[in-house]
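# What the coordinates show
Listed below, chain by chain, are the residues.
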Amino acid sequence: MRCVRIKRIACLIMNMFGECHCKEFNAAPECTATAPGRFHLIGDHSWFFKDKTVSMAVNIPVYVSVSRRSDTAVHFYFVQLGERKRINLNTLRFRREDRWANAIKAIIYGFIECGFTLGGMNISISSEVLPSAGFGITTAIKTAAAIAFRALYNLDCTDKQLLKAIEIGNKRFLQQGNRIADYYAALYAKRGHLIVTDHTKNTYELVPFSFSDKTVLMVDAAVPRITTWDEETLF
């Protein structure tokens, strides 16, 4: 009975989000993908040492809906922010003022660099928690966008290739590091499980864990932030 309720709630959310997409673009979404927020319980920076990271997804979903356009323009709409951005696939570039839209542009860039063909799109994003709050929301946006693009264009793209496109987008377009534990959590997290990433092997493992009698307390101790992460600093 509980599973039925969860599915009905998910369908209701999808329908509400689809209505937002229709209202904004005057076109129904052709597909909607979702990815969860997450945080790392331990090993947040252990990828530097090829060690392990223990992560858990949190029930803060991000939804990305997409529909095709007949031109090469890409229109973005973030529902909760009420913000809109526009780009053209022929002039895809990073712009600081585009903020959250750069995350999706990076995924488009990664797919194109991997040899996949994308066209003009209308893209709407919905998240009750904004990227600035943490919780892996930006990662969830990227992951949901990648899943949505693969489905929209029926790309012959394995999860390994999808993760490679995300990595290329992070490194070459955003000029950022690519932390595989972030994306394993967004792609493979499962209810009632923790996810353990082994950075030596670039593999993940789902570990059953009972959350029923546990409380997660998140505290910002206002400790000094290290602005440059490298092995010497961490040691």
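Residues numbered from 1 in each chain as written. Predicted model: local features only at pLDDT ≥ 70, side-chain atom pairs only at ≥ 80, totals over all residues. Heavy atoms only, no water.

## Digging into the overall build of the protein chain
Operational definition: Think of it this way: any DSSP run of H or I at least four residues long counts as a helix, any run of E at least two long counts as a strand, and we number them from the N terminus. Per-residue accessibility, obtained with a 1.4 Å probe over protein chains only, is compared with the maximum for each type, and a residue is labelled buried under 20%, exposed over 50%, and partly exposed between these values. By definition, residues are in contact when any of their heavy atoms lie within 4.5 Å. Per-residue and other accessible areas follow the Shrake-Rupley method at a 1.4 Å probe size, with only the shown protein chains counted as cover for residues.
A tally of helices and strands in the protein chain yields six helices and seven strands. If you list the helices and strands of the protein chain from N to C, you get α-β-β-β-β-α-β-α-α-α-β-β-α. A burial count over the protein chain gives 43% of its 235 residues as buried. The long-range share in the protein chain, meaning contacts at least 24 apart out of those at least 6 apart in sequence, stands at 64%. Split by element, the accessible area of the protein chain, about 13400 Å² in all, is 52% carbon and sulfur.

## Considerations on the nonpolar core
Rule in force here: Put simply, a nonpolar core is a bunch of buried Ala, Val, Leu, Ile, Met, Phe, Trp, Tyr and Cys residues held in one set by side-chain atoms that sit within 4.5 Å of each other.
Formed by 54 residues in total, the largest nonpolar core has its most connected members in V64, I104, I108, F111, I123, I125 and F149. It is helix α3 (residues 137–152) that provides the largest number of residues to this core, a total of nine residues. Not counting the four nearest positions on each side in its chain, F149 is found in contact with V66, I104, I107, I108, F111, L118, M121, I123 and L155.

## Some words on the pairing of strand β6 (residues 193–198)
Which entries qualify depends on this criterion: The pairing criterion for strands is at least two bridges between them, as found by DSSP.
Most of β6 is tucked away: six of the six residues are buried. Every second residue of β6 is oriented toward a common face, with H193, I195 and T197 on one face and L194, V196 and D198 on the other, all of them buried. Sheet topology note: the strand β2 (residues 52–68)/β6 ladder contains four bridges and is antiparallel. When the bridges of β6 are listed, K52 appears paired with D198. Bridge count for β6 against strand β7 (residues 203–208) is six bridges, and the pairing is antiparallel. Bridging across to β7, V196 finds its partner in E205. In this structure, the hairpin formed by β6 and β7 is closed by a connection of four residues, where N202 is found at a positive phi of approximately 55 degrees.

## Looking at α3
To keep things clear, this is the line we draw: Expected span of a helix, by definition, is 1.5 Å for each gap between consecutive residues, and there is one gap fewer than residues.
Helix length check: α3, at 16 residues, gives a terminal C-alpha distance of 22 Å against a target of 22 Å (1.5 Å per residue), a fit within 8%. Most of α3 is tucked away, with 13 of its 16 residues classed as buried. Trailing α3 by a residue or two, N154 shows a phi angle of about 50 degrees, which is positive.

## Focus on the layout of surface pockets
How we decide: In the cavity and pocket records, a cavity denotes points on a 1 Å grid over the protein atoms alone where a 1.4 Å probe fits but cannot get out, a pocket denotes an open set with protein on both sides within 12 Å along at least 5 of 7 lines, and lining residues are residues with an atom within 4 Å of a point. Grid points are joined across faces, edges and corners, and a volume is the space filled by probe spheres set on the points. Three residue categories are used. Nonpolar comprises Ala, Val, Leu, Ile, Met, Phe, Trp, Tyr, Cys and Pro, charged comprises Asp, Glu, Lys and Arg, and polar comprises the others, including Gly.
Approximately 600 Å³ is the volume attributed to the second largest pocket. Surrounding the second largest pocket, 25 residues form its lining, R38, D44, G136, R179 and D182 being those nearest its centre. At the level of secondary structure, the elements contributing two or more residues to the lining of the second largest pocket comprise β1 (31–42), α3 and α5 (180–188). Per element, the largest residue contribution to the lining of the second largest pocket is five residues, and it comes from β1. Its residues placed into classes, the lining of the second largest pocket shows eleven nonpolar, nine polar and five charged.

## Concerning a nonpolar patch on the surface
Here is the rule we go by: In this scheme, patches are assembled from residues that exceed 30% relative accessible area and form no salt bridge. Like charges are connected within 9 Å, while nonpolar side chains (Val, Leu, Ile, Met, Phe, Trp, Tyr) are connected within 5 Å. Every case where a carboxyl oxygen of Asp or Glu lies within 4 Å of a side-chain nitrogen of Lys or Arg is listed as a salt bridge.
A surface patch of nonpolar side chains, amounting to about 380 Å² of accessible area, comprises L41, I42, V216 and M218. Residue position: V216 is located in the loop between β7 and α6 (231–234). Residue class for V216 comes out partly exposed when judged on its relative accessible area of 42%.

## Some remarks on the packing of aromatic side chains
Heads up, the rule is: Note on aromatic pairs: the rings of Phe, Tyr and Trp (six-membered ring only in Trp) are paired at centre separations within 6.5 Å, and the planes decide the class, stacked below 30 degrees, edge-to-face beyond 60, tilted for the rest.
Applying the stated criterion to the full structure yields ten aromatic pairs. With 5.8 Å between their ring centres and 65 degrees between their planes, F111 and F116 make a pair best called edge-to-face. In this pair, the class of F111 matches that of F116, namely buried. Taking the centre distance of 6.3 Å and the plane angle of 70 degrees together, the rings of F111 and F149 count as edge-to-face. Linking F111 in helix α2 (residues 100–113) with F149 in helix α3, this pair joins segments that are 38 residues apart in sequence.

Read these as geometric descriptors, not functional statements.
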